[in-house]
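# Close look at the chain arrangement
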Amino acid sequence: MVRRMEIKADTEVYPLYLGSGLLARVGAILREEGLTGKILVVTNPTVGALYLDMAVEALEGAGFDVQTVTIPDGEAYKRLDQLTKVYDAAAVGCLERDSAILALGGGVIGDLAGFAAATYLRGVRLVQVPTSLLAQVDSSIGGKVAVNHREGKNLIGSFYQPSVVLSDLEVLTTLNEREFKTGLAEIIKAGLIGDCTLDAFLRQHSAAVRKRDPEALVEIIARACAFKAQVVAEDVRERGRRAILNYGHTIGHALEAETGYTVYRHGEAVAIGMAAAAAISVALGLATPDLSQTTLEILQLYELPTTIAGIPAERLLARMAWDKKVKDGHPRLVLSPKVGEVVVKEDVPSDVILPVLRRMGAA
Ligand SMILES: NC(=O)c1ccc[n+]([C@@H]2O[C@H](COP(=O)([O-])OP(=O)(O)OC[C@H]3O[C@@H](n4cnc5c(N)ncnc54)[C@H](O)[C@@H]3O)[C@@H](O)[C@H]2O)c1
């Protein structure tokens, strides 16, 4: 059961392979896709201990000249000094223009290795092998690559499309429950804002999804990727439509930042953000109250959080204003009139937002 999807970006098209047991075949697949020669695998100790040997064996078995570099695990290491390690390994390993950097890990490794691929020798080929659910449905496709700066997340980055994405469902078996659910939040988002069939599937098959049944996973991952790919294809450099993917993210980012990135996983914050976005849509009269109800139901079905524990609403609003400021000074929220649709609203009044946040438990 292997799916091969084509992802469009600008004039390029790249393949996304999705299925069980793909990591053991990564070398053969990359050769089929025309890659040869040197490949630098970037991973972290957690993922590396589980999957690096398998990846290296599969690549060497297919004739690749493989080097590896390991970055410490965690968002805190998605930064310039760790990127230097990748450049050092690329230089020592004599990577050439047609060589590849392969990101083996979650979104942190994917973003960092992706930025290295975009910049080393002004661009070598990038292979994304996402191992977290979030990376499989979100960060590995769409071409955003970045590292963090102490002043903010993802401040140093670029748009750079991979040559191949390979998502192996088997690696998801070792992902802990919290990380699995953070990925599910992004899949739920795709259902709520764009793909009603995905939304219905998630509601009907929650037991199979929660058990990580491969057939259920392949269905929801493929649908979420197809939705993201279609939105990205319309707006590769995020000048307009791509912003809809930020549904739940403005409030989510505010929560993450306000709690120092230590309380919520990204998907948990986005889940709360989606509950808030639905409630704001209702409060503005854009949506009927069932939107809030339906949103809460699906988030609770997957045991994702939907309340804000005691964080001052005013502080969240101030954080949201900062998030908006970087998007040209206009207060902007992605809202939803009904499941499967979104609208971007400028100037949502704070006297609508604050009571919603307080009803959700904010101080
Ligand atoms: N580029 C984009 O478009 C985009 C989109 C969304 C998120 N992101 C970025 O992605 C990052 C978050 O990604 P994430 O949630 O994958 O976090 P992560 O990369 O930190 O991975 C989460 C944890 O799971 C572990 N892990 C990963 N795969 C595993 C596996 N198969 N088995 C066991 N453990 C495994 C990791 O080592 C880590 O400890 C953030 O830096 C965010 O900015 C980028």
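First, a word on scope: everything that follows refers to the structure included in this document.

What counts and how
Here the residue numbering is sequential within each chain, running from 1 through the sequence in written order. Local features are withheld for residues below a pLDDT of 70 in this predicted model, meaning they are given only at 70 or higher, and side-chain atom pairs are given and counted only at 80 or more; totals for whole chains, interfaces and linings count all residues. Side-chain metrics rest on all non-hydrogen atoms present in the structure, leaving aside hydrogens and water. Here a Phe, Tyr or Trp ring, Trp counted by its six-membered ring, pairs with any other such ring whose centre lies within 6.5 Å, and the pair is stacked when the planes are under 30 degrees apart, edge-to-face when over 60, and tilted otherwise. The way it works is that DSSP assigns letters per residue, a run of H or I at least four long becomes a helix, a run of E at least two long becomes a strand, and they are numbered from the N terminus. Exposure classes here rest on a 1.4 Å probe applied to the protein chains alone. A residue is buried below 20% of its type maximum, exposed above 50%, and partly exposed in between. We call a residue near a molecule or strand when any one of its heavy atoms sits within 4 Å of it. Whenever a nitrogen or oxygen atom comes within 3.5 Å of another N or O atom, the pair is scored as a polar contact, on the condition that within protein one atom can donate a hydrogen and the other can accept it, and that pairs from neighbouring residues in sequence are kept only if both atoms are in side chains. In this classification, Asp, Glu, Lys and Arg are treated as charged, Ala, Val, Leu, Ile, Met, Phe, Trp, Tyr, Cys and Pro as nonpolar, and every other residue, Gly included, as polar. Residues are treated as being in contact if the distance between any of their heavy atoms lies within 4.5 Å. Put simply, buried Ala, Val, Leu, Ile, Met, Phe, Trp, Tyr and Cys residues joined by side-chain atoms within 4.5 Å make one nonpolar core. Domain ranges listed in this record stem from an automatic or a database domain assignment. In this analysis, axes come from line fits to C-alpha atoms, helices being fitted only over the stretch in contact, and the angle between any two N-to-C directions falls in the range 0 to 180 degrees. Any angle from 65 to 115 degrees is called roughly perpendicular, while one under 35 is roughly parallel, one over 145 is roughly antiparallel, and all others are oblique. We call a crossing left-handed when the near helix sits turned anticlockwise from the far one by less than a right angle, and right-handed when that turn is clockwise.

Tallied over the full model, the rule gives one aromatic pair. Measuring from centroid to centroid gives 6.3 Å for Y87 and Y120, while their planes differ by 25 degrees, and the two rings are stacked. In this pair, Y87 sits in helix α3 (residues 80–92) while Y120 sits in the loop between α4 (107–119) and β6 (125–130), placing the two residues 33 residues apart along the sequence. Exposure remark for Y120: the relative accessible area of 15% places this residue in the buried category.

Let us look at the site of the ligand. Around the ligand, the structure places 26 residues, and the nearest of them are E75, G107, T131, S132 and T174. V108 is positioned such that a nitrogen or oxygen atom in its backbone is 3.0 Å from an oxygen atom of the ligand. When contributions to the shell around the ligand are tallied by element, the ones reaching two or more residues are α2 (45–61), α4, α5 (133–139) and β8 (152–159). Considered class by class, the residues forming the shell around the ligand number seven nonpolar, nine polar and 10 charged.

Mapped onto the secondary structure, G48 falls in helix α2. Taking C-alpha positions, G48 is 7.9 Å from L104, a pair spaced 56 residues apart along the chain. Apart from the residues within four sequence positions on either side, G48 is in contact with T43 and D53.

Further remarks concern the nonpolar core. Of all hydrophobic cores here, the largest spans 80 residues; its most connected members are I220 and I221. The element contributing the most residues to this core is helix α9 (residues 214–234), with 12 residues. When residues of this core are assigned to domains, at least three map to each of domain 1 (2–175) and domain 2 (178–219 + 240–359). Those residues within four positions of I221 in sequence are excluded, and the remaining contacts are L18, L133, Q136, V137, L169 and L172. If you look at the next biggest cluster of nonpolar residues, it comprises 27 residues, including L23, L30, V129 and V164.

Bringing the packing of helix α6 (residues 177–193) against α9 into the picture now. It is at 9 Å that the axes of α6 and α9 come closest, and there the two elements cross at 60 degrees. With respect to each other, α6 and α9 are oriented oblique. By crossing handedness, the relation of α6 to α9 is classed as left-handed. Residues F180, L184, I187, A190 and I193 of α6 touch α9, and the partners they reach there are L217, I220, A224 and F227. Grouping the constituent residues of the contact of α6 with α9 by class yields nine nonpolar, no polar and no charged.

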